[in-house]
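Summary of structural features
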Amino acid sequence: MSRVIQLKTLQGDAVAYADTIIGAGGMKDVYFSPDKSYVVAFFRDPQAPAARDRLRVICEDYRQGIFNQAGGDYWRDVYCWPTGVVEHEGRIGVVVPAYPKHFFFEHGSTNNDMLNIRGQEKQGKWFASAKNQNRYLDPRERGNWLNYLRVCIRISRATRRLHAAGLAHSDLSYKNVLVDPCTGQACLIDLDGLVVPGKYPPEVVGTPDFIAPEVVATSHLPKDSPQRKLPSIATDRHALAVLIYMYLLYRHPLRGGKVHDPDPNRDETLAMGERALFIEHPSDPSNRIRLNEVSPAELPWADIAKLPYAITGPYLSGLFERAFQAGLQDANARPTAEDWEFGLGRPADLVPPGQNSGCTPGWYVFDNRRAPKCPFCGTPYTGLLPVINFYSSRRGDAFRSDDYRLMVYTNQSLFPWHVNRHVTPNEKMTSAQKQRVGYFVFHQGTWWLVNENLPQCRDVTAKQDVPIGGRVALQDGLQLLLSREDGGRLAMVQMAGKPQ
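The following refers to the structure shown. (Residues numbered from 1 in each chain as written. Predicted model: local features only at pLDDT ≥ 70, side-chain atom pairs only at ≥ 80, totals over all residues. Heavy atoms only, no water.)

Here helix α6 (residues 233-249) crosses helix α8 (residues 314-329) at 130 degrees, and the two axes come no closer than 11 Å. Considering the angle they form, α6 stands oblique to α8. Like other packed secondary-structure pairs, α6 and α8 cross with a definite hand, here left-handed. On the side of α6, the interface is formed by H238, A241, V242, I244, Y245 and L248, while α8 contributes L316, F320, A323, F324 and L328. In the contact of α6 with α8, the residues fall into ten nonpolar, one polar and no charged. (Axes fitted to C-alpha atoms, helices over the stretch in contact; angles between N-to-C directions. Helix = DSSP H or I, 4+ residues; strand = E, 2+ residues; numbered from the N terminus. Parallel < 35°, antiparallel > 145°, perpendicular 65-115°, else oblique. Left-handed = near helix turned anticlockwise from the far one by under 90°. Contact = heavy atoms within 4.5 Å. Nonpolar A, V, L, I, M, F, W, Y, C, P; charged D, E, K, R; others polar.)

So, about empty space enclosed by the protein. Taken as a whole and assessed by the stated rule, the structure comprises three cavities of 30 Å³ or more. The wall of the largest cavity is formed by 14 residues, among which S170, V205, F210, I211 and T235 lie closest to the centre. At three residues, the largest contribution of residues to the lining of the largest cavity is made by α6. Residues belonging to the lining of the largest cavity are distributed by class as follows: eight nonpolar, four polar and two charged. There is about 40 Å³ of room inside the second largest cavity. (1 Å grid on protein atoms, 1.4 Å probe; cavity = no way out; pocket = protein on both sides within 12 Å on 5 of 7 lines; lining within 4 Å. Points joined across faces, edges and corners; volume = space filled by probe spheres on them.)

Our focus in this paragraph is the packing of aromatic side chains. By convention here, two paired aromatic rings are described through the distance between centres and the angle between planes. Counted by the stated rule, this structure contains 27 aromatic pairs. Relative to F104, the ring of Y99 lies with its centre 6.2 Å away and its plane at 40 degrees, an arrangement referred to as tilted. Here a set of aromatic residues connected by ring pairs shows up, and it is made of Y245, F278, Y309, F320, F324 and W340. Above the face of the Y404 ring, R346 is positioned so that its terminal group lies 4.1 Å from the ring centre. (Phe/Tyr/Trp six-rings, centres within 6.5 Å; stacked < 30°, edge-to-face > 60°. Lys NZ or Arg CZ within 6 Å of the ring centre and 35° of its normal.)

Spatial ordering of the open sheet is given by β3-β4-β5-β7-β6, a layout of five strands whose pairing is antiparallel. Each edge of the sheet is formed by a strand with only one pairing partner; in this case those strands are β3 (21-24) and β6 (84-88). Here the average twist between neighbouring strands, direction ignored, is 30 degrees. Bridge analysis of strand β5 (residues 38-43) against strand β7 (residues 91-97) gives five bridges, and the strand direction is antiparallel. (Pairing = 2+ DSSP bridges.)

Here we come to the environment of P253. Topologically, P253 is positioned in the loop between α6 and α7 (264-272). Judged by its relative accessible area of 0%, P253 is buried. Separated by 197 residues in the primary sequence, P253 and V450 place their C-alpha atoms 43 Å from one another. Each residue touching P253, except ones within four places of it in the same chain, is listed here: V242, Y245, M246, L277, F278, I279 and F324. (Buried < 20%, exposed > 50% of the residue type's maximum accessible area, 1.4 Å probe, protein only.)

Before going further, it helps to examine α7. Within α7 the residues assigned to the buried category are D267, L270, A271 and M272. N-cap assignment for α7: the residue whose side-chain oxygen lies 3.1 Å from the backbone N of N265 is D263. (Polar contact = N/O pair within 3.5 Å; in protein donor to acceptor, adjacent residues only side chain to side chain.)

For the rest of this paragraph, the subject is the sheet that holds strand β16 (residues 464-465). The pairing of strands in a sheet comes from backbone hydrogen bonds and takes either a parallel or an antiparallel form. Taken together, the six strands give an open sheet; going across it, the order is β11-β10-β19-β18-β15-β16, and neighbouring strands pair in antiparallel fashion. The two strands at the open ends of the sheet, each matched to only one other strand, are β11 (400-407) and β16. In this sheet, β16 lies alongside strand β15 (residues 458-459) in antiparallel orientation, the contact comprising two bridges. Following the sheet pairing, D459 is matched in β16 by Q464.

Next comes the structure, spelled out in structure tokens:
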């Protein structure tokens, strides 16, 4: 039976742990608390005074600065943030909340969990490649494409908040992000190594596949060399772009067929460093994936002619171009985490459900065609599909396009951020702003908007109000004023598809 160790954190809180190792990472041994609500992770090697001070500042100053601000409760679900520092028998460690249940595999791998991963953490690597998904994961663990968009939004939002606090993760990768595509949840872990620029330098350079090209290209230089590039907010931005690309397209943006050097180690350094080249570069096709060299389990995702990054929609396509063209060699050109958070939110509102029950992704981004079809399975959409185009006025002027649209499907919801451009769907929303105010339904051959809580909704086309509890039929060209408040939006209906 495990012995329970009682001690106090440097912050003065009582903690306990059972002295049986439940997990061992590259640097720490991990122990459960008696009730398994948190873990205590001890570093195996002695830590320098600076490392001890870094842990204290992360657990105190930065934790309070993030969790004690407006919207602070939101971050408890997207960070596994250390709560205290402990010392015992010459070792230093951190106290960290246990991961929520949904971040552990329920079904595991295929063939009755042949890989024995049931109950293990849902590390992002299982979901970031077509091979892992198609060959190994139980289909019930894979989730759908809409939830991958939601996962990416959460990762971007969490990264944005770190950067706003002046922190860099330094090892942002699928190793340090837990994801659950079944619910759209994501959580950043291993936050005890956060980089504080100018005060606490990085302890690691990152995980292969996610290390920025400038870090790889200068890795041979001494750490104190002025030319040596180390992990920072700028390198986090590269890692974030890679993560998003892999979660949405299940392939790596730089791993193509080009060989830079006959020596494998030198070739890897060049391919991920100074000669990094986007596999979908529009004018240089030399690093395209060679389909004759990939396994069937990697298809169709390895076929960029069939599933190019353009299927993610215009908002994300532009960000991928910035990240993997100019951004590979110019860190200043990379999209910020905030850019990704905004860019992912727009296509998440433009994702209709597919009509082929056998299509694994299940959802896809509407590409503004009159006859949309799923890019993954090729199934055309049958029937009419309303698209809401949003407009708003500025300082009493005429309504202008917000470059924002909402795809309608059965039980799709209308939220306050759709109704008013001043409401942003982020951690600072109030409880009222998180509640839907209307929903859409297809009934007896007609699409309807049901008004649940839009007190100022007016059918501009018919020149009549739509009362709460009322409904309005959606027709091509219909104009609805959703709110008369400052920032209130005008919705114009566009019908896509073909009548049945």
